[in-house]
Amino acid sequence: MKKILFLLIALFVMSSACMALTPAEVLDKAVNKLNTAGTIDCKFVLSGANGNINGSLSVQGRKFRMTTPLGSSWYDGVNLWSSNPKTKEITLVNPSDAEVREANPFSYLSSYKSEFRLFFSKRKDAKRYLVLLNPKTRNSDIKAVEVAVNKQTFLPERFIIRDRNDNITTINVQSLSLKKNSGESFKCPVANMSDYELVDLR
């Protein structure tokens with residue numbers, strides 16, 4: 001009887017180990033779900049050294065539009081426009097990958113296979129997979145990114161970003177909806193912002 005019980009326990013442990021997902025598999029599932037949707041719309045709270053700020057973000061592939069009380073950003077895959085309501089300026093640049101990630105945390109999920117080593121965090125969360133992204137290169141602008149992925153929906157719910165100076169920025173996703181490509185423009189409506197000055201730094 002004891003041998004049978006031991007065998008059943010061993011089989012259970014082995015089957016549980018086989019069912020466990022790796023960090024890469026967790027992100028694969030999350031990215032596949034996001035890519036299948038076409039467009040991601042979310043509301044978030046960004047927390048950092050300067051306090052908290054609410055915002056909204058719409059993402060379609062590499063393109064995105066972000067709006068906060070401090071200003072808005074539009075990225076069409078090549079050009080990045082950033083508006084500042086205080087100075088009444090729109091800055092236009094061809095951004096680096098680091099600048100794109102700074103404005104759109106979901107962009108970390110597009111390069112996790114090639115640019116990062118993946119681990120599970122030592123911290124535990126019953127409802128989320130906590131996946132650590134550690135840069136493969138030493139000269140990266142960041143030290144690590146922790147992505148919290150819901151275990152039921154496989155949707156990202158939080159990004160914790162630690163930069164090279166150990167500054168920590170947390171983006172908590174308050175709501176997230178997936179939809180088909182809406183055809184919305186990810187270019188800044190400069191023509192409709194005649195009271196702003198365009199500063200082209202390309």
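For the chain, the count of helices and strands is four helices and 12 strands. Residue burial in the chain is summarised as follows: out of 202 residues, 39% are buried.

Even without being glycine, phenylalanine 154 reaches a positive phi, approximately 60°. On the accessibility criterion, phenylalanine 154 (16% relative accessible area) is buried. A positive phi is found at aspartate 166, a non-glycine position, where the angle reads about 65°. Classification of aspartate 166 by relative accessible area gives partly exposed; the value is 39%.

Quantified by volume, the largest pocket comes out at close to 1,400 Å³. Looking at the largest pocket, it is lined by 46 residues, and the ones nearest its centre are Leu46, Glu99, Arg101, Glu102 and Ala103. The element that contributes the greatest number of residues to the lining of the largest pocket is helix 3 (residues 97-103), accounting for six residues. Here the lining of the largest pocket is built from residues that sort into 19 nonpolar, 18 polar and nine charged. As a volume, the second largest pocket reaches approximately 430 Å³. Residues of the lining of the second largest pocket, tallied by class, amount to eight nonpolar, eight polar and four charged.

Core analysis: the biggest nonpolar cluster contains 35 residues, and Leu27, Leu57, Phe64, Phe106, Leu109 and Leu133 have the highest contact counts within it. Top element by residues in this core is helix 2 (residues 23-37). It accounts for five residues. Leaving out residues up to four positions away in the same chain, leucine 27 has contacts with Leu109, Tyr112, Leu118, Val131, Leu133 and Val149.

Mapping glutamate 146 onto the fold places it in strand 9 (residues 142-150). For glutamate 146, a relative accessible area of 7% corresponds to the buried category. Among the polar contacts listed, one links the side chain of glutamate 146 to the side chain of arginine 123, at a separation of 2.4 Å. Among the polar contacts made by the side chain of glutamate 146, one reaches the side chain of arginine 158 at a distance of 3.5 Å.

The next thing to look at is the sheet that holds strand 3 (residues 63-68). Strand order across the open sheet formed by 12 strands is 7-8-9-10-11-1-2-3-4-5-6-12, with mixed pairing between neighbours. Here the strands that pair on one side only, and so sit at the sheet edges, are strand 7 (116-120) and strand 12 (197-200). Strand after strand, the sheet turns through a mean of 20° between neighbouring axes, direction not considered. Sheet topology note: the strand 10 (residues 156-163)/strand 11 (residues 168-179) ladder contains five bridges and is antiparallel. Within strand 11, the position partnered with isoleucine 160 by the bridge is threonine 170. Together, strand 1 (39-48), strand 7, strand 8 (128-135), strand 9, strand 10 and strand 11 form the strand contacts of helix 2, whose direction differs from that of strand 7 by roughly 110°.

Attention shifts here to the pattern of salt bridges. Under the defined criterion, the tally for this structure stands at 13 salt bridges. Arginine 128 is paired through a salt bridge with glutamate 157; the nearest N and O atoms lie 2.6 Å apart. Remark: glutamate 157 occurs in strand 10 and arginine 128 occurs in strand 8; sequence separation between them is 29 residues. Between glutamate 146 and arginine 158 there is a salt bridge, and its shortest N-O distance comes to 3.5 Å. Of this pair, glutamate 146 sits in strand 9 while arginine 158 sits in strand 10; the two residues are 12 residues apart in sequence, bridging distant segments of the chain. What makes arginine 158 buried here is its relative accessible area of 14%. A cluster of three or more residues bridged by salt bridges with shared partners is formed by Arg123, Glu146 and Arg158.

Conventions and cut-offs
Residues numbered from 1 in each chain as written. Predicted model: local features only at pLDDT ≥ 70, side-chain atom pairs only at ≥ 80, totals over all residues. Heavy atoms only, no water. Helix = DSSP H or I, 4+ residues; strand = E, 2+ residues; numbered from the N terminus. Buried < 20%, exposed > 50% of the residue type's maximum accessible area, 1.4 Å probe, protein only. 1 Å grid on protein atoms, 1.4 Å probe; cavity = no way out; pocket = protein on both sides within 12 Å on 5 of 7 lines; lining within 4 Å. Points joined across faces, edges and corners; volume = space filled by probe spheres on them. Nonpolar A, V, L, I, M, F, W, Y, C, P; charged D, E, K, R; others polar. Core = buried A, V, L, I, M, F, W, Y, C linked by side-chain atoms within 4.5 Å. Contact = heavy atoms within 4.5 Å. Polar contact = N/O pair within 3.5 Å; in protein donor to acceptor, adjacent residues only side chain to side chain. Pairing = 2+ DSSP bridges. Axes fitted to C-alpha atoms, helices over the stretch in contact; angles between N-to-C directions. Salt bridge = Lys/Arg side-chain N within 4 Å of Asp/Glu carboxyl O.

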